[in-house]
Structures are given as C-alpha cells and as structure tokens.
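# A look at the structure
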Amino acid sequence: MSEKILGYIENDTIIHRLSGTTKLICFLMLSIIVMTSYDTRFLLFVTIFSLILFKLAEIPWDAVSFVVKFVLVFAILNLLAIYIFEPEYGVNLYNSRTIIRDGWGRYSLTKEQLFYELNVAIKYFSTIPLALIFIFTTSPSEFASSLNKIGVSYKISYAVALALRYIPDIQESYNDIKLASQARGIEMSKKASLIDRIKSSSNIVWPLIFDSLNRIETISQAMELRRFGKENSRTWYSYRPFRKIDIFAIVVCALITMLGICLFFVNGGRFYNPFVH
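As a starting point, this report considers the structure included with it. (Residues numbered from 1 in each chain as written. Predicted model: local features only at pLDDT ≥ 70, side-chain atom pairs only at ≥ 80, totals over all residues. Heavy atoms only, no water.)

Our focus in this paragraph is the pattern of salt bridges. Two side chains that carry opposite charge are able to pair once their charged atoms sit near each other. Scanning the entire structure with this criterion turns up three salt bridges. Arg-17 is paired through a salt bridge with Asp-12; the nearest N and O atoms lie 3.3 Å apart. Take Arg-17: its relative accessible area is 33%, and that puts it in the partly exposed class. The exposure class assigned to Asp-12 is exposed, which follows from its relative accessible area of 54%. Note that Arg-41 is salt-bridged to Asp-39, the shortest N-O span being 2.9 Å. Of the residues examined, Arg-41 reaches a relative accessible area of 43% and is grouped as partly exposed. Its relative accessible area of 0% is what places Asp-39 among the buried residues. (Salt bridge = Lys/Arg side-chain N within 4 Å of Asp/Glu carboxyl O. Buried < 20%, exposed > 50% of the residue type's maximum accessible area, 1.4 Å probe, protein only.)

Moving on, we come to the side chain of Glu-112. Inspection of the secondary structure assignment puts Glu-112 in helix H5 (residues 111-137). The buried charged residue Glu-112 lacks any salt bridge, with Arg-97 as its nearest oppositely charged partner at 7.0 Å. There is a polar contact of 2.8 Å between the side chain of Glu-112 and the side chain of Ser-96. Within the structure, the side chain of Glu-112 is placed 2.9 Å from the backbone nitrogen of Thr-98, a separation counted as a polar contact. (Helix = DSSP H or I, 4+ residues; strand = E, 2+ residues; numbered from the N terminus. Lys, Arg positive; Asp, Glu negative; His and termini not counted. Polar contact = N/O pair within 3.5 Å; in protein donor to acceptor, adjacent residues only side chain to side chain.)

Now for helix H10 (residues 244-267). Compared with an ideal rise of 1.5 Å per residue, which puts 24 residues at 34 Å, H10 spans 35 Å between its outermost C-alpha atoms and is within 8% of the ideal. What H10 keeps buried is the set Asp-246, Ala-249, Ile-250, Cys-253, Ile-256, Thr-257, Gly-260, Leu-263 and Phe-264. Close packing links the buried residues of H10 with helix H1 (20-36) and helix H2 (40-57). Where H10 ends, the next residue or the one after it, Gly-268, has phi of about 75°, a positive value. (Expected span 1.5 Å × (residues − 1). Contact = heavy atoms within 4.5 Å.)

Locating Ser-145 in the fold gives a position in helix H6 (residues 140-149). Among the residues examined, Ser-145 registers a relative accessible area of 0% and is labelled buried. For the pair formed by Ser-145 and Gly-20, sequence separation is 125 residues and the distance between their alpha carbons is 7.6 Å.

As enumerated under the stated definition, the model contains one cavity of 30 Å³ or more in all. Within this model, the largest cavity holds a volume of roughly 30 Å³. Lining the largest cavity are Ile-9, Asn-11, His-16, Ala-57, Glu-58, Ile-59, Pro-60, Phe-136 and Thr-137. Per-class residue counts for the lining of the largest cavity are five nonpolar, three polar and one charged. (1 Å grid on protein atoms, 1.4 Å probe; cavity = no way out; pocket = protein on both sides within 12 Å on 5 of 7 lines; lining within 4 Å. Points joined across faces, edges and corners; volume = space filled by probe spheres on them. Nonpolar A, V, L, I, M, F, W, Y, C, P; charged D, E, K, R; others polar.)

What follows is the structure, encoded as structure tokens:
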C-alpha cells in the first residue's frame, strides 16, 4: 500500500457516498459540541459513534497509524502539561477535593483532577476519528465544492483543495528523493544511527523545496492560462447533489448536537459534576 499521510482514499462505502457538504457540516457540528461539552457520558457516546463511523468508512489502519500515534503522543504531553501547570484545576472546577495520594506542595493526586483530564483525553478520542473520516473519505475537489456551497469564496476553496492535494505529492517526492539518495549509498534506514539519519534526511530538504517550487510554478501558470479568478462564480465537476442519505446524516448529527446542548441545561453548565453530594 502507498505510504500516504492525510490523503484521500477512494472507496465505495456509505461514508464515501455522502456529499462533501454533508460531511463538512456533520464534522463541524460534532466537533464544536465535543470541544464545548465536558459531560463525560456525552463524550463517551460521541466517541463510540465516531468509532462506528470509522469502521463503516473502512479506512486501513496503515494509512492512519502514523497520524494516530503522533496525536496520541501530543495528547499525553498535553495531559502532563495540564497537571504540571494546573494540578488543582479540577479541584477548583468541581468545587471538591478528594485526595488519592498526597504529594509535594499542591501536587497531590486528586480524583477531581484525574476526572477532568479524563474528559480532555476522551475529547481526543472522539474528534480524531471524525477528522480522519472526513480527510480520508472526501476528495480535495469535493471538499472545495463543499466549502464553496456553504458560502466560502471559490478562490479560497480551491486554494484549500490544492493544499490538501499537495500533501500526498510532497510525501511522494520525499520518498523518491530518499530512494535516490539511498541508491547513491547514503544510509537512511534503521541500520544507521539516529544522528546520521537526521543528517541524511536534512539533505533532502533543498531538493524537496526546489521540486515544490517547480510544482507551484506549473500549477500557477496553468491556472493563469485558464483565466482562473476572472469570474465571480464557478461550477464544480466533482460536486455531489444532496440525496436522502445526506439529509438523514445531517439530521442524526443535528440531534446529537442538540442532545449535547440540552445537557448544558441539565448539568447547569458545560461540566458534568459527579462529585456533587
């Protein structure tokens, strides 16, 4: 399988058949409510829902493993940073302090702090599958048409599409230059030391930059020859019209979003507090 990062993978699943506009609207609704809510029960529900969608999308693990591992490391560092800089934030948030283990100064381990950081961790697991589903099941051109249909200028939409389409191209160029360097005897595999691999990889930067500049020049000239930007609007070859399945998907995501909003009133705020007596 090709080693693409954040690249569209063509398939014929129920998720792929949805309109790009539908996927964008659903992704925005669910992401916003997940980022806003701190109700553990709701976040767990959205996490299970997003994992089911991820399974339906049939995205190969090899295609997302690097991204997931990278985000996981970032999430762990973020959780550690929260505790280091604000070890009592959960205590202040939930107006309760249940000590699990005494520590030095204010660095005691409390249930409230652990519960708050658990909510932060669940947010990652609920939003990451949604983001991966959108990126890997929506072609860049269809994504551009989706942005344009919700009111974004087609010039900006097309620029975003080019950026997304360019990511796999950059990686492909990197792999080609890397293989060419190895063919000339430059060791870049795990057999070499980490420092040697870093030095060898740094030599790829300049050829990659020049290759990127050539690509940019080619694309800009092609767009200029086709008089891109002359008209105030444009049509989209890859745009998919709305169907019943699109309406159903939007309604389901809207109901989930409304459920999250209703819990704000039930909990008296964004936070679910199990420590209230």
